[in-house]
Amino acid sequence: IQKRTRIRADHLDLSKGRDIGHPDTRAHHGHLAVAGLAFLAMTFLQVRFGLKPLRQIGTGLSEIRSGDAERLEGDLPSEIQPLQSELNALIQSNEEIIDRARTQVGNLAHGLKTPLAVITNEAADAKTPFASKVAEQAEFMRTQIAHYLDRARMAAGVKTIGRVTEIEPVAQSLQRALERIYRDKGVNISIDIAQGSKFQGEKQDLEELLGNLLDNACKWCRRKVSLTAKVSSETKHERRVELIVDDDGPGLTAEERAEIVKRGRRLDESKPGSGLGLSIVSDLAALYRGSFTLSEAPNGGLRAVLSLPGA
């Protein structure tokens, strides 16, 4: 009995010893938790400051795309500088390719213009059925060449990085020019451009887009033409600008609206023009990944809606 009592007493003493050790165990766990938090904080700081140069490059590329900068600038770590140099070289190469393409398109246009003019003049002097056919086909060739040269120039311009155009100055310039051209008709063009409306593209392309739409509206309107520009955001990083041109003319049926955007199609031969205006608008909008639609205006005329990338 005494032996069993001693064993139980020893067991209690050992249990008490283990109970006494619990505070040390909790302290050990606390040290581990502090070390873990310190490790997480160090990892967070390392990632945050380690990726700062990449965020700087991202900001620089956004500025180039929006037209606020032409190159990636700033001091970067030696590990990132090769990336900066390669991106700047890529941008420079892109600009040189576009310049060469524009030069070649211009040379081709100049080289074809003179022979076609000679053919047309020679055919006009001869009053024969054959000469009339030659003149007709030469004019068709001239129209086709102009159309595809325009498309080539458009495609080259669309690939340019960082081109941004303010919409309001272009709209005001076209407003003054067209009101003078159609002064005898008494056309009044009103414009309403939302603040901050910018087109992500070349100025001459915007002039061609708006010029064709406004000129077409002035031809068919009775008195009034309006241009409205709205800005919207499709995604967090993408903006769109919507250009709406309305006129108070006779308008078009749904079938006529589908037909008129076809290349060279004219619904009324009494009006001047080649019939390429709206088809050029449609082609150029597609090259900019935009859209072009025709519908009925609120006042019964024709409404043209152009959606383009905004900046």
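Residues numbered from 1 in each chain as written. Predicted model: local features only at pLDDT ≥ 70, side-chain atom pairs only at ≥ 80, totals over all residues. Heavy atoms only, no water.

Novice: How would you summarise the overall build of the chain if you had to cite specific residues and measurements?
Specialist: For the chain, the count of helices and strands is eight helices and seven strands. For the chain, the proportion of its 311 residues judged to be buried stands at 30%. Taking all contacts inside the chain whose residues are at least 6 apart in sequence as the whole, residues at least 24 apart take part in 66%. For the chain, the accessible area works out to roughly 19900 Å², and carbon and sulfur atoms hold 55% of it. (Helix = DSSP H or I, 4+ residues; strand = E, 2+ residues; numbered from the N terminus. Buried < 20%, exposed > 50% of the residue type's maximum accessible area, 1.4 Å probe, protein only. Contact = heavy atoms within 4.5 Å. Areas by Shrake-Rupley, 256 points an atom, 1.4 Å probe, with all protein chains shown as cover.)

Novice: Report on the pattern of salt bridges, specifying residues and quantitative values.
Specialist: Summed over the entire model, instances satisfying the criterion amount to five salt bridges. The salt bridge involving E139 is made with R142; its shortest N-O contact spans 2.6 Å. In this pair, E139 and R142 both sit in helix 4 (residues 129-158), three residues apart, roughly one turn of the helix. Classification of R142 by relative accessible area gives partly exposed; the value is 41%. (Salt bridge = Lys/Arg side-chain N within 4 Å of Asp/Glu carboxyl O.)

Novice: So what's going on with the nonpolar core? Which residues, and what values?
Specialist: Counting residues in each nonpolar core, the largest one holds 36 residues, and the members touching the most others are V225, L243, F292, L306 and L308. Mapped by element, the contributors of at least two residues to this core are helix 5 (167-181), strand 2 (188-193), helix 6 (203-220), strand 4 (224-235), strand 5 (238-247), helix 8 (277-287), strand 6 (291-296) and strand 7 (302-310). Ranked by residue count, the leading element in this core is helix 6, at seven residues. Residue contacts for L243: discarding those within four places in its chain leaves I167, L206, L210, T228, A229, A304, V305, L306 and L308. If you look at the next biggest cluster of nonpolar residues, it comprises seven residues, including I57, L72, L76 and I91. (Core = buried A, V, L, I, M, F, W, Y, C linked by side-chain atoms within 4.5 Å.)

Novice: Explain empty space enclosed by the protein to me, and be specific about the residues and the numbers.
Specialist: In this structure the tally under the stated criterion is one cavity of 30 Å³ or more. By volume, the largest cavity is sized at about 40 Å³. The wall of the largest cavity is formed by L213, N216, A217, V245, D247, L294, L302 and A304. Elements with a contribution of two residues or more to the lining of the largest cavity: helix 6, strand 5 and strand 7. Here the element with the most residues in the lining of the largest cavity is helix 6; it accounts for three residues. Looking at the lining of the largest cavity residue by residue, the classes come out as six nonpolar, one polar and one charged. (1 Å grid on protein atoms, 1.4 Å probe; cavity = no way out; pocket = protein on both sides within 12 Å on 5 of 7 lines; lining within 4 Å. Points joined across faces, edges and corners; volume = space filled by probe spheres on them. Nonpolar A, V, L, I, M, F, W, Y, C, P; charged D, E, K, R; others polar.)

Novice: With reference to specific residues and values, describe the confidence of the model for the chain.
Specialist: Put simply, the chain has an average pLDDT of 77, and 76% of its residues get 70 or more. Long-range and interchain partners of residues 263-275, a stretch whose pLDDT sits below 50, account for 28 contacts in this model, where long-range means more than four residues apart. (pLDDT = per-residue confidence, 0-100.)

Novice: With reference to specific residues and values, describe helix 5.
Specialist: With 15 residues, helix 5 extends 21 Å from end C-alpha to end C-alpha; this agrees with the ideal 21 Å at 1.5 Å per step. Looking only at helix 5, the buried set comprises I167, V170, A171, L174, Q175 and L178. Take helix 5 and look down its axis: the buried residues cluster within an arc of 140°, on one side only. (Expected span 1.5 Å × (residues − 1). Arc of directions from axis to C-beta.)

Novice: How would you sum up a nonpolar patch on the surface? Please name residues and give values.
Specialist: Together, L37, F39 and L40 make up an exposed nonpolar region whose accessible area comes to about 360 Å². Of note, L37 is situated in helix 1 (residues 2-50). According to the relative accessible area criterion, L37 is exposed, its value standing at 57%. (Patch = residues over 30% accessible without salt bridge, like charges linked within 9 Å, V, L, I, M, F, W, Y side chains within 5 Å.)

Novice: Summarise the environment of I193; cite the residues concerned and give the values.
Specialist: You can see I193 is positioned in strand 2. For I193, a relative accessible area of 14% puts it in the buried group. Along the primary structure I193 and Q172 are separated by 21 residues, whereas in three dimensions their C-alpha atoms are 9.9 Å apart. Setting aside chain neighbours within four positions, we find I193 in contact with I167, E168, A171, L227 and A229.

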